[in-house]
Structure formats: structure tokens, C-alpha cells
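This is what each chain is made of:
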Amino acid sequence: MGLEPEPLFQAWSYFRRRKFRQCADLCSQLLERPPSEQEPDSEYTVFQAAWSLKTRALTEMVYVDEIDMDQEGIAEIMLDENAIAQVARPGTSLKLPGTSQGGGPSPAVRPVTQSGRPITGFVRPSTQSGRPSTMEQAIKTPRTALTARPITSASGRYGRLGTASMITNPDGPFINLSRLNLSKYAQKPKLAKALFEYIFHHENDVKNEMNNISSAAEYYKDVLKQDNTHVEAIACIGSNHFYSDQPELALRFYRRLLQMGVYNCQLFNNLGLCCFYAQQYDMTLSSFERALFLAENEEETADVWYNLGHVAVGIGDLNLAYQCFRLTLVNNNDYAEAYNNLAVLEMRKGHVEQARALLQTASSLAPHMYEPHFNFAILSEKVGDLQRSYTAAQKSAEAFPGHVDTQELIKQLKQHFAML
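Predicted, not measured: the structure shown is a model, and the values here were computed from it. (Residues numbered from 1 in each chain as written. Predicted model: local features only at pLDDT ≥ 70, side-chain atom pairs only at ≥ 80, totals over all residues. Heavy atoms only, no water.)

Draft legend 1. The overall build of the protein chain, seen in detail. Across its full length, the protein chain holds 20 helices and zero strands. Per element, the accessible surface of the protein chain, about 22,700 Å² overall, is 51% carbon and sulfur. (Helix = DSSP H or I, 4+ residues; strand = E, 2+ residues; numbered from the N terminus. Areas by Shrake-Rupley, 256 points an atom, 1.4 Å probe, with all protein chains shown as cover.)

Draft legend 2. The arrangement of the side chain of Asn341 in detail. Tracing the backbone shows Asn341 in helix H16 (residues 336-349). Separated by 3.2 Å, the side chains of Asn341 and Asn340 make a polar contact. (Polar contact = N/O pair within 3.5 Å; in protein donor to acceptor, adjacent residues only side chain to side chain.)

Draft legend 3. Highlighting the packing of helix H12 (residues 265-277) against helix H14 (residues 298-315). The interhelical angle for the contact between H12 and H14, taken along N-to-C directions, is 5°, at an axis separation of 10 Å. Put simply, H12 runs roughly parallel to H14. When H12 is examined against H14, the residues Cys265, Gln266, Asn269, Leu273 and Phe276 are found in contact with a partner set consisting of Glu300, Asp303, Val304, Asn307, Val311, Gly314 and Ile315. (Axes fitted to C-alpha atoms, helices over the stretch in contact; angles between N-to-C directions. Parallel < 35°, antiparallel > 145°, perpendicular 65-115°, else oblique. Contact = heavy atoms within 4.5 Å.)

Draft legend 4. Representation of the environment of Leu273 in the model. With respect to the helices and strands, the residue Leu273 is situated in helix H12. By relative accessible area, Leu273 is classed as buried at 0%. Distance in space between the C-alpha atoms of Leu273 and Val311 is 7.8 Å, their sequence separation being 38 residues. (Buried < 20%, exposed > 50% of the residue type's maximum accessible area, 1.4 Å probe, protein only.)

Draft legend 5. Structural detail: unusual backbone geometry. The residue Arg18 is not glycine, and still its phi comes out positive at about 60°. Within the secondary structure, Arg18 sits in the loop between helix H1 (7-16) and helix H2 (20-31).

Draft legend 6. Just helix H3 (residues 46-62), in detail. Here H3 spans 25 Å end to end across 17 residues, near enough to the 24 Å set by a 1.5 Å rise per residue. Within H3, 12 of the 17 residues are buried, which leaves the element mostly enclosed by the surrounding structure. All buried positions along H3 are accounted for by Gln48, Ala49, Ala50, Trp51, Ser52, Leu53, Lys54, Thr55, Ala57, Leu58, Thr59 and Val62. (Expected span 1.5 Å × (residues − 1).)

Draft legend 7. Structural view of helix H17 (residues 352-365). Given a rise of 1.5 Å per residue, 14 residues ought to cover 20 Å, and the 20 Å separating the end C-alpha atoms of H17 matches this to within 8%. Turning to H17, its buried residues are Ala355, Arg356, Leu358, Leu359, Ala362 and Ser363. On the buried face of H17, the contacting elements are H16, helix H18 (371-382) and helix H19 (386-399).

Draft legend 8. Seen up close, the packing of helix H11 (residues 247-259) against H12. It is the contact of H11 with H12, at a shortest axis distance of 9 Å, that shows an interaxial angle of 150°. On the basis of their axis angle, the class for H11 and H12 is roughly antiparallel. Helix-helix and strand crossings are classified by hand; for H11 and H12 the assignment is left-handed. Here Pro247, Ala250, Leu251, Tyr254, Arg255, Leu257 and Leu258 of H11 lie close against H12, whose contacting residues are Leu267, Phe268, Asn270, Leu271, Cys274, Cys275 and Tyr277. Looking at the contact of H11 with H12 residue by residue, the class counts come to 12 nonpolar, one polar and one charged. (Left-handed = near helix turned anticlockwise from the far one by under 90°. Nonpolar A, V, L, I, M, F, W, Y, C, P; charged D, E, K, R; others polar.)

Draft legend 9. Spotlight on the pattern of salt bridges. In total, this model carries three salt bridges according to the counting rule given. Between Asp222 and Lys225 there is a salt bridge; the shortest N-O distance is 3.9 Å. Residue Asp222 and its partner Lys225 are located together in helix H9 (residues 213-226), separated by three residues, close to a single helical turn. (Salt bridge = Lys/Arg side-chain N within 4 Å of Asp/Glu carboxyl O.)

Draft legend 10. Expanded view of the packing of aromatic side chains. Scanning all chains against the criterion turns up 11 aromatic pairs. With a centroid separation of 5.8 Å and 50° between ring planes, the pair formed by Tyr306 and Phe325 is classed as tilted. Taken together, the positions of Tyr306 in helix H14 and Phe325 in helix H15 (residues 318-331) put the pair 19 residues apart, joining distant regions of the chain. Neither residue differs from the other here; Tyr306 and Phe325 are each classed as buried. Members of the aromatic cluster, each reached through a chain of ring pairs, are Phe242, Tyr243, Phe276, Tyr277 and Tyr281. For the cation-ring pair, Lys349 lies above Tyr322, with the distance from its terminal atom to the ring centre recorded as 3.9 Å. (Phe/Tyr/Trp six-rings, centres within 6.5 Å; stacked < 30°, edge-to-face > 60°. Lys NZ or Arg CZ within 6 Å of the ring centre and 35° of its normal.)

Draft legend 11. Highlighting the nonpolar core. If you look at the biggest cluster of nonpolar residues, it comprises 32 residues, and the most contacted ones within it are Tyr254 and Leu257. If you list the elements that add at least two residues to this core, you get H9, helix H10 (231-243), H11, H12, helix H13 (284-294), H14 and H15. Considering every element that reaches this core, the biggest residue donor is H12, with eight residues. (Core = buried A, V, L, I, M, F, W, Y, C linked by side-chain atoms within 4.5 Å.)

Draft legend 12. Spatial organisation of the environment of Ile378. Mapped onto the elements of the fold, Ile378 is located in helix H18. The spacing of Ile378 and Arg388 is 10 residues in sequence and 9.9 Å in space, taken between C-alpha atoms.

Draft legend 13. Expanded view of the confidence of the model for the protein chain. Looking at the protein chain, the pLDDT average stands at 75 and 65% of residues meet or exceed 70. Taking the mean pLDDT of every element in the protein chain, the minimum, 32, falls on helix H6 (residues 164-168) and the maximum, 94, on H15. Throughout residues 91-102 the model reports pLDDT below 50, and contacts reaching past four residues in sequence, or to other chains, amount to 16 contacts. (pLDDT = per-residue confidence, 0-100.)

Draft legend 14. Structural context of the side chain of Thr284. Note that Thr284 resides in helix H13. Residues in contact with Thr284, not counting those within four places in the same chain, are Gly272, Cys275, Phe276 and Val311.

Draft legend 15. Representation of the state of the cysteines. Evaluation of the coordinates by the stated rule reveals zero disulfides. In this model Cys23 remains outside any disulfide bridge; the closest cysteine sulfur is found in Cys27, 4.2 Å from its own. A relative accessible area of 0% means that Cys23 is categorised as buried. (Disulfide = S-S within 2.5 Å.)

Okay, here's the thing in C-alpha cells:
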């Protein structure tokens, strides 16, 4: 009759042998035991040990070494043997004739995802488009995937499809961060480190600690004091300055990334927007042209055309803006912000039915955005459909309770209903 090892020791053995799945499963069994069966300890209980070990195992399952995710330098880009067409596709050339309150980010100023997280200048592997299931997939996932550009209106469109903890636990997340008392765990150094690594690498929510963008920016500045070439910190600080209405300061950080050898579509996209809002118009179009040249997929191309549409709106060329938003949908027909902005342009032309259809599409693709609901409410109120207008206004208020125009519209509609 063989002797079975103690479960916690066996879980630790799995962890040391990098069998993280078996380690997490065994720790889950220990955590499911009733309190009477758990052996108390004077300082570190078996429950706390199993909890800490499981967080470390889940963290190691999705951890990606920073060194493996370095961006390609200028030398690798210039010596690439792949041939790229130098002539733009018909109809896509830019050379055609001129044609936050409460400490958190405001959706009216800074876009957020469906989960309420602000879009930063840099994202960790696959935080917005699903979690990689293997290390090979994680390495293939670019560190600046799809959402590293500032978008100038509407909310972020990349909702989280599910965190890794929900994938590993069918009944729900292992740690509910929204109900976590962080100050309590901060007083326990043995648990605090494991919890921080879990939140940072596994949940990819570095701002959950304070839920304060300014404090997070200060932390990134502390990172730069230790490592002044940290790409993620530079990109996030630059993005924070952009959404704080400081495009000149954001431009300095993005130029610093360019000097460090970061050479990709997202960086030139951000440079183009910063140059435009900093009134350095001579560099705006050239930056966007370079961004289109470096786009690796249709999603990145759609992002560039979307931002170009906002530049066109800023200079008053609504025909060019219409074409840019259309090209955005050509490359990505799930782009909710483009549908919303096209609807606004259609409303200006008096095309009510086209605008209504576009707004319905936008609200169905991104229900967390308040703009399509508010625009649909305004449109319905103008044509006399007060009931639909009130319903859409309520949805807009749920998505963004601090939107003053939505509250005013709801107040007016209630007065109309009271008079009936």
C-alpha cells in the first residue's frame, strides 16, 4: 500500500515541474474543502497557501517573456525582402483632389471597452481579442494588437471576449477583482506579490489597483525612472497625455518610440493624430500614409481610415470624411464607430432612413457605446417617434450616466409625455 503525498505538497511539486494545469486543479480541490478540514497555521494557513499557489500557477500559464515580444527595428524593416506595392489601390490614395469626472476616464473624452477599461497606448498580449491558449499563439500575438491608436470620438470597440480565469473556471472567475479589498491584501506581503502578478499578467488590468488614470500614469513614470526604454510605459504615458488634451506632450513620447526603433502602423497612426491636434499639419498626412503602408491586416487599415475620417471632419471636408468612413467599413464591416459617424453624415444630408439603419447597426455591434443610442434618440425625436426616442435615451444614460445632453433629452421627453 503506497503512501500518497500531502495534497499541498503535491501541488507545489506540480508547480516546480511546470505542470501548471494540474497544480491549479489540485489547489481548487483544496480551496473547496470546508473550513473544518483545513489545518490552521499561526501565520500562513493552508487555505492561503493554496490560494497563493493557484494564483501563481494561473499567472505562469499566460506569462509571456518581455524579451520575446520586442518590436522589429528599422534594420529588420529596411532589409525585408518582401515586395510591397508602391501604388495605392484605386480610390484609396490620399493624393486625390481636396475632397473625466470622479477620477476615472470619461467616455466622451477617452474611449473605453465594453468592460469599462480605458483604451491605453499599449496592450498586453491578447487582452482585447481573446486569450492565447498556447505559448506559440501568445508569441505570435503582437504586443500592440489593434488598439494602440488614439481614437478621437466614440467608445472603444474591442470588448473583452472573456478573461483567462473564466476560461479555466467554467463557474466564473477565480478572483472577482471588483469585490477585492486591495488594501487588506496590501498588508500581507506574502499574498500581495502573487495577487499583483495575477492581476497584471493574468487579468491584464494594471489600473484595477487604483481605478485612477492619473495614478497609473505616475506608476508608469516610476517605471521609466528604472528603465527609460520601456516601450509599454512610454506608449501609455503618451496616450494619457493625448486624451488629457496635451497632444504636444504625447508627440514627444511617440517620437521617442520612433527613435528607439519602434516602426509599426500603430505608432505612425498615433503620430498622425498628435500632429493634427498639435497643428503640425505638414506631418499629419505623411504619418497616415506611412501607417497605411505598414498596416499588416485589414483591422489596422480600418483604424487608419477611421482616424483619417476624423481629420477630414476637423478640416471641414465632409465628402472626404464620408469616403474615409466608407473605406473603414470596406476593411472591417464590424466597425461600430464608423457606422455611427456615417449615420451623422447621412443625417446632415437629410437621409433619415439610411441614418436610422446605420445607427441600429452601430448599437447592435457595440451596445456599450452611448453615441449610437443618443443619436438614434435625437433622430427619433425629430421625426416624432417619442417612444423609441425615450427608449434609446435610456440606453444612452445607462452607457454613460454623466452625459448632460442625454439627461436633457430625457427631461424634455418626460415633459412631452406629461402633457399627453
